[in-house]
Amino acid sequence: MTTIFTPEKTAELSNQIDRQLQELETQPYSPTKLPETPPGFPVKQSQAIEEVTKEKPERFLQKFGRAAKSDLCEEGGLLNSQWKKWGDLNNTDVVDKFGVLLVAMGFSGAALEILVVAIAVIVIHIGIKAFCEDYSQ
């Protein structure tokens, strides 16, 4: 598997994903405050995507979803198989796969790290099935 990040950076990003998911679980529900973002999308992650990409989160996630389709949404994809088997994703694999896809989309440095975490949190938060149905077409 191609890796973009050092093992230490992968572990750090994985920990950020876990912390942000835990924050979402402990916060009361509040609708997204960003226009053109689906209800229930996490605000912090949506804002991060918009700041880094200069696009509405939903529009950017559609581009990302098409790029991630074979790994995430299609039968036999690494992340799809993990989800079906465990009902969860391994953060390390998510960081590696999403990192490669985002580099191919032209992102690097701090922007890449921010996007990897934000997208991973959104995908895990809303679930792969919902993400693939709405964003991989």
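Described below are features of the structure shown in this document. (Residues numbered from 1 in each chain as written. Predicted model: local features only at pLDDT ≥ 70, side-chain atom pairs only at ≥ 80, totals over all residues. Heavy atoms only, no water.)

Regarding the overall build of the chain
Quick reminder of the rule: Helix and strand assignments come from DSSP, with helices taken as H or I runs of at least 4 residues and strands as E runs of at least 2, each series counted from the N terminus. Burial here depends on accessible area, computed with a 1.4 Å probe over protein chains only, as a share of the maximum for the residue type. Under 20% is buried, over 50% is exposed, and the range in between is partly exposed. Throughout, a residue-residue contact means that at least one pair of heavy atoms, one from each residue, lies within 4.5 Å. Every accessible area reported is derived by Shrake-Rupley at a probe size of 1.4 Å, with residue values counting cover from the shown protein chains alone.
The number of helices and strands found in the chain is seven helices and zero strands. The helix and strand sequence of the chain, counted from the amino end, reads α-α-α-α-α-α-α. Evaluated residue by residue, the chain yields a buried proportion of 46% over its 137 residues. Of all intrachain contacts in the chain linking residues separated by at least 6 positions in sequence, the fraction that spans at least 24 positions is 62%. With an accessible surface of roughly 7,200 Å², the chain has 50% of that area assigned to carbon and sulfur atoms.

A few points about helix 2 (residues 43-53)
Those residues of helix 2 not exposed but buried are V43, Q45, S46, A48, I49 and T53. Those residues of helix 2 that are buried lie in contact with helix 1 (7-26), helix 3 (57-73) and helix 6 (109-126). A positive phi of about 65° marks K54, the residue just after helix 2.

Comments concerning the nonpolar core
How we decide: What we call a nonpolar core is a set of buried Ala, Val, Leu, Ile, Met, Phe, Trp, Tyr and Cys residues that are connected through their side-chain atoms within 4.5 Å.
Within the largest apolar cluster, 37 residues are counted, with the highest numbers of intra-cluster contacts made by F64, L72, F98, L102 and I119. The biggest single contributor to this core is helix 6, with 11 residues.

Considering the packing of helix 1 against helix 6
What counts here: In this analysis, axes come from line fits to C-alpha atoms, helices being fitted only over the stretch in contact, and the angle between any two N-to-C directions falls in the range 0 to 180 degrees. Oblique is the label for any angle not under 35 degrees, not over 145, and not in the 65 to 115 range, which are roughly parallel, roughly antiparallel and roughly perpendicular in turn. What makes a crossing left-handed is the near helix being turned counterclockwise from the far one by less than a right angle; a clockwise turn instead makes it right-handed. For this classification, the nonpolar set comprises Ala, Val, Leu, Ile, Met, Phe, Trp, Tyr, Cys and Pro, the charged set comprises Asp, Glu, Lys and Arg, and every other residue, Gly included, is treated as polar.
Relative orientation of the contacting elements helix 1 and helix 6 amounts to 45°, with a least axis distance of 9 Å. The angle between helix 1 and helix 6 places the two elements in the oblique class. Our pair here, helix 1 against helix 6, has a crossing hand that is right-handed. Contacts from K9, L13, Q16, I17, Q20, L21 and L24 in helix 1 reach E113, V117, A120, V121, I124 and H125 in helix 6. Residue classes in the contact of helix 1 with helix 6 are distributed as eight nonpolar, three polar and two charged.

Side note on the packing of helix 5 (residues 91-104) against helix 6
Direction vectors running N to C along helix 5 and helix 6 enclose 125°, while the axes themselves pass 9 Å from each other. Classified by the interaxial angle, the pair formed by helix 5 and helix 6 is oblique. In the crossing of helix 5 with helix 6, the sense of the turn from one axis to the other is right-handed. Contacts between helix 5 and helix 6 pair N91, V94, V95, F98, G99, L102 and V103 from the former with L112, L115, V116, I119, A120, V123 and I124 from the latter. Looking at the contact of helix 5 with helix 6 residue by residue, the class counts come to 12 nonpolar, two polar and no charged.

These figures come from the coordinates and say nothing about function on their own.
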